[in-house]
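The lines below spell out each chain.
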Amino acid sequence: MSLAQRLVASLFGLAVFGLVALSLIPRREPPLAVQASTVSVGPITRKVIAAGKLQAATEIKVSSNLSGDLLRLTVKEGDTVKKGELLAQIDSRRYSAQVRQQEASRRGAAAEFDLEKVQVARLEAEATRVRTLVQSGNASAAEQERAEADLAGEKARLDAAQQHIAQADASLSEARHFLELTTLYAPIDGIVTSRLKQVGERVRGSDFSEDVIVVISTLSAMEARVEVGEHEVVYLHEGDHAEVEVDAFPDKKFAAEAIEIARIATIKNAGSEAEVITFPVRLTLTESVPGALPGMSAQATIHTETHERAVRVPIQAVTVRTEAQLDAKKLTASAKSPLKKVVFVIDQDVARVRRVETGLADENQIEIVSGIKEGETVIEGPYRILARELQDGRAVKREAVSAGQ
């Protein structure tokens, strides 16, 4: 082989060796494009959002204590009524007859009493006469005792007659009360929001169940009754400030306050996979809602707790990694390893993972109790990269920066 051929072969070998050596050098991964924001300090409020319905703050169900046919009904749904205004009339013939019967009994008792008074007066005079005769020796002591006994017996019958009058008065008063109950009047000022009976229907009076005729509501004061999930109700307190949005009045929010938080759950689809447990919460609207009607759909945002100087980051900046991933600094970890909350901080164009503890959260931000400090830069997206691809030590470049709130 000539010198030139050997030189070419050597150069070719060196070139092949260089290519092989170059291929063995690990290539640096290109930096990931990420969005980032600056950690800020400021107020953050936990909010609970729940849906429900409007209802009148005061709602009176007007029913009858007596049974009878409904002969008259003077109102219809939507009518405005004043306290004491006539609403309905129930057939009163039976109760009128009972009043007349008790009035007759009262007159009989009074006549009996008057008769007994006359008898007592007669026997008192007789007893006085006998006592005078005894003193003059013209009557015996036995005659005086008999006269005194007759007077005492008649006085007892007079007392009984007086008790009969009291009983008759009580029975007459009760009969008149029942007669009054056949006429129904409005107990409050308000609007008739429901009419459940018609003229001619039978009304059932009972102390154990209501047979409602009409419902009167005060629409000047409204409440929202919402259902709050079991995981959120533990944060609520009576007096919490809230905002209520009514579907019928879009783009408006009405101030409200929590006044009652139920302690007994409402369970839907009990025992099934679709079981839902909620707790009813009553909110009183602290401002009027003109035109609002019971039953309108509403959504409430309840402010439960505020931290004035919270370290805050966007909610999407907080992600999770397994304990094994954090220890191994890689993504190929066992799925059974427990999950830990983390954020990724940008340090000299490199992502650094930080374990964090979180606190309150609102719609956009979450409080970081420990793990980062004000002024640091955290990665908040894209979601795909932050949730699955990003790992500690990966080179990144900032694509966009959103100002901390």
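Residues numbered from 1 in each chain as written. Predicted model: local features only at pLDDT ≥ 70, side-chain atom pairs only at ≥ 80, totals over all residues. Heavy atoms only, no water.

Novice: Just checking my understanding: could you explain the sheet that holds strand β3 (residues 68–73) for this structure?
Specialist: Note on sheets: strands pair through backbone hydrogen bonds, and any given pair is parallel or antiparallel. Spatially, β6-β5-β3-β8 is the arrangement adopted by the four strands of the open sheet, whose pairing is antiparallel. Across the chains shown, the open sheet's two edge strands, defined by having one partner strand only, are β6 (183–185) and β8 (202–203). For β3 and strand β5 (residues 86–90), the ladder comprises three bridges, and the chain directions are antiparallel. Its bridge partner being in β5, arginine 72 is matched across the sheet by glutamine 89. (Pairing = 2+ DSSP bridges. Helix = DSSP H or I, 4+ residues; strand = E, 2+ residues; numbered from the N terminus.)

Novice: Would you explain the nonpolar core in this entry?
Specialist: Within soluble globular proteins, side chains that are nonpolar generally end up buried alongside one another. Within the largest apolar cluster, 29 residues are counted, with the highest numbers of intra-cluster contacts made by Leu54, Val228, Leu236, Val244 and Leu283. When contributions to this core are tallied by element, the ones reaching two or more residues are β2 (40–63), β9 (212–229), β10 (241–246), β11 (254–261), β13 (276–285) and β14 (297–314). Here leucine 54 is in contact with Met222, Glu223, Ala224, Val246, Ala292, Leu293, Pro294, Gly295, Met296 and Ala298, once residues within four sequence places are set aside. In terms of nonpolar packing, the next biggest core, distinct from the first, is built from 16 residues, Val75, Val81, Ala88 and Val192 among them. (Core = buried A, V, L, I, M, F, W, Y, C linked by side-chain atoms within 4.5 Å. Buried < 20%, exposed > 50% of the residue type's maximum accessible area, 1.4 Å probe, protein only. Contact = heavy atoms within 4.5 Å.)

Novice: Where do I start with the environment of isoleucine 366 in this structure?
Specialist: If you trace the backbone, isoleucine 366 turns up in strand β19 (residues 365–370). For isoleucine 366, a relative accessible area of 12% translates into the label buried. With residues near it in sequence (within four places) discarded, isoleucine 366 still touches Ile44, Val311, Arg312, Val313, Pro314, Ile315, Val318, Thr358, Leu360 and Ala361.

Novice: Hey, could you run me through the packing of helix α2 (residues 93–136) against helix α3 (residues 141–181) in this one?
Specialist: Helix-helix packing is characterised by the crossing angle of the two axes and by the distance between the axes. Remark: α2 packs on α3, axes separated minimally by 8 Å, with the N-to-C direction vectors making an angle of 165°. Considering their axes alone, α2 and α3 lie roughly antiparallel with respect to each other. Where α2 crosses over α3, the handedness of that crossing is left-handed. Looking at side-chain class alone, the contact of α2 with α3 contains 20 nonpolar, nine polar and 15 charged residues. (Axes fitted to C-alpha atoms, helices over the stretch in contact; angles between N-to-C directions. Parallel < 35°, antiparallel > 145°, perpendicular 65-115°, else oblique. Left-handed = near helix turned anticlockwise from the far one by under 90°. Nonpolar A, V, L, I, M, F, W, Y, C, P; charged D, E, K, R; others polar.)

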